[in-house]
Amino acid sequence: MPTPFNQSVIDEFRARGGKVGGPFEGGDLLLLTTTGARSGKQHTTPLGFLRDGGLLLVVGSNLGSPRHPDWYHNVLARPTVRVELGTEEFQAIAVPAEGERRDRLFARVVAADPGYGDYQARTDRTLPVVVLERPAHEADIPEAADTFAAKMLQVHLWLRGQLRHVRAETDAHFAARAAHQGPGEPPAPGIGLRIRQHCLAFCDALEFHHTSEDAHLFPTMAGYHPELRATFDRLAEEHRTVARIQGELAALLADIGHADPERFRTELARMSEELTAHLDYEEETLLPILAELPWPPGPPTA
């Protein structure tokens, strides 16, 4: 639960289209909703932010406390967040900046608001700078869905695009490692945490999608279309296969800085191939039926 003060800020923000008075009068403020790392519950926090070109930055200052704020621990475990900015609301992926990039972005934050420099001076921990990223491929996803088929395609387009993004980031990361020359160890990965966050967001979305299908959509459809029961059994089995590959990939991600490039790429390519084939089969077999069902579902008929 937010503190009484934070809740009053949240209420005023939502009631006034993103405008807040008092100590925040005239400041740039957003609402960040994260999912609890342990509880799984939603938590909304008002945060100051900075625009840097096309980037949206928030800082885990916690007023210079020796501990990172709770919201930062949450985004490390569950990177997918909801952002309220003015009257706009959207989903984003929270990616902490690393190494030189973090230092460069933090310098820009301090130049815009010197108070963050004071917070850093109060504590020995490095204040994290978190970039709230909206995946570029979302621009190609239709915003409206009026049937179950259209809704499924929205989800599938997001999953396909996010998987492409992860593969591109991975290739860039390993190319940078391969280009390292000179004595000593290669520099610390500058995008390792970024890959991890996008992979986690992808895996969370995929798990939610598959769990919803296995628990609700498939059993309901099987009742109306018993001739498709073998199809649903095959899709459920594919879900288990993809889940196993996700687990193997997550184990590799735990040590991305030292992961073997070929093994990592092999695992990611295998997952991509199986997932793409699964999505293709699901669309081929289910979309014609789902196209007849309205979204969102209406009230049950008598």
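Structure first, text after, so check above.
Residues numbered from 1 in each chain as written. Predicted model: local features only at pLDDT ≥ 70, side-chain atom pairs only at ≥ 80, totals over all residues. Heavy atoms only, no water.

## Overview of the pairing of strand β2 (residues 42-48)
In this sheet, β2 lies alongside strand β1 (residues 29-35) in antiparallel orientation, the contact comprising 7 bridges. Residue L31 lies in a different strand from β2, and its bridge partner there is P46. Where β1 folds back on β2, the antiparallel hairpin that results is connected by 6 residues, among which G40 adopts a positive phi of roughly 75°. (Pairing = 2+ DSSP bridges. Helix = DSSP H or I, 4+ residues; strand = E, 2+ residues; numbered from the N terminus.)

## Focus on the packing of helix α3 (residues 99-112) against helix α4 (residues 115-122)
Contact pair α3 / α4: the axes reach a minimum separation of 7 Å and the direction vectors enclose 125°. When the axes of α3 and α4 are compared, the pair comes out oblique. Taking contact as the criterion, the partners of R102, F106, V109 and V110 in α3 are, on α4, Y116, G117 and Q120. The residue makeup of the contact of α3 with α4, split by class, is 4 nonpolar, 2 polar and 1 charged. (Axes fitted to C-alpha atoms, helices over the stretch in contact; angles between N-to-C directions. Parallel < 35°, antiparallel > 145°, perpendicular 65-115°, else oblique. Contact = heavy atoms within 4.5 Å. Nonpolar A, V, L, I, M, F, W, Y, C, P; charged D, E, K, R; others polar.)

## Some remarks on the packing of aromatic side chains
Applying the stated criterion to the full structure yields 5 aromatic pairs. On the numbers, 6.3 Å between centres and 90° between planes, the contact of W71 with Y72 is edge-to-face. Each member of the pair, W71 as well as Y72, carries the same accessibility label: buried. On the numbers, 5.2 Å between centres and 25° between planes, the contact of F218 with F232 is stacked. Here F218, found in helix α6 (residues 192-224), pairs with F232, found in helix α7 (residues 229-253); they are 14 residues apart in sequence, far enough to count as distant. Owing to a relative accessible area of 4%, F218 belongs among the buried residues under this scheme. The ring of F106 carries the charged tip of R102 above its face, separated from the ring centre by 4.3 Å. Above the ring of F90, the side-chain terminus of R134 is found at 3.9 Å from the ring centroid. (Phe/Tyr/Trp six-rings, centres within 6.5 Å; stacked < 30°, edge-to-face > 60°. Buried < 20%, exposed > 50% of the residue type's maximum accessible area, 1.4 Å probe, protein only. Lys NZ or Arg CZ within 6 Å of the ring centre and 35° of its normal.)

## Side note on the layout of surface pockets
By volume, the second largest pocket is sized at about 1,300 Å³. Taken together, 41 residues line the second largest pocket, and the ones lying closest to its centre are T45, P46, L47, P69 and W71. When contributions to the lining of the second largest pocket are tallied by element, the ones reaching two or more residues are α1 (4-15), β1, β2, β4 (55-59), α2 (70-77), α3 and α4. Per-class residue counts for the lining of the second largest pocket are 20 nonpolar, 16 polar and 5 charged. (1 Å grid on protein atoms, 1.4 Å probe; cavity = no way out; pocket = protein on both sides within 12 Å on 5 of 7 lines; lining within 4 Å. Points joined across faces, edges and corners; volume = space filled by probe spheres on them.)

## Some remarks on α3
The end-to-end C-alpha distance of α3, which contains 14 residues, comes to 20 Å, matching closely the 20 Å that a straight helix rising 1.5 Å per residue would cover. Every buried residue belonging to α3 is among R102, L105, F106 and V109, and all of these are buried. Buried positions in α3, seen along its axis, are confined to an arc of 105° and lie on one side of it. Turned more than 90 degrees away from the buried face of α3 sit E100 and A111, all of them exposed. Tucked inside the fold, the buried residues of α3 contact β3 (50-52), β4, α4 and β7 (129-133). (Expected span 1.5 Å × (residues − 1). Arc of directions from axis to C-beta.)

## Some words on the sheet that holds strand β5 (residues 80-85)
Taken together, 7 strands build an open sheet; the order of strands is β2-β1-β5-β6-β7-β4-β3 and the sheet is antiparallel. Bordering the open sheet on either side are β2 and β3, each of which pairs with just one other strand. Adjacent strand axes in the sheet meet at a mean angle of 35°, parallel and antiparallel pairs treated alike. Two strands pair when backbone bridges link them, and strand β6 (residues 88-96) and β7 are joined in this way by 4 bridges, in the antiparallel orientation. Paired with A94 across the two strands is L132, which belongs to β7. Of the strands in this sheet, β1, β2 and β5 are in contact with α1, which crosses β1 at around 115°.

## Topic: the nonpolar core
Grouped together as the largest cluster of nonpolar side chains are 24 residues, with contacts concentrated most on F202, L206, L249, F264, L268, M271 and L275. Of all the secondary structure elements, the ones that give two or more residues to this core are β6, α5 (148-178), α6, α7 and α8 (261-290). The element contributing the most residues to this core is α6, with 6 residues. Aside from chain neighbours lying at most four places away, what touches L249 is C199, F264, L268 and M271. If you look at the next biggest cluster of nonpolar residues, it comprises 17 residues, including L30, L32, L56 and W71. (Core = buried A, V, L, I, M, F, W, Y, C linked by side-chain atoms within 4.5 Å.)

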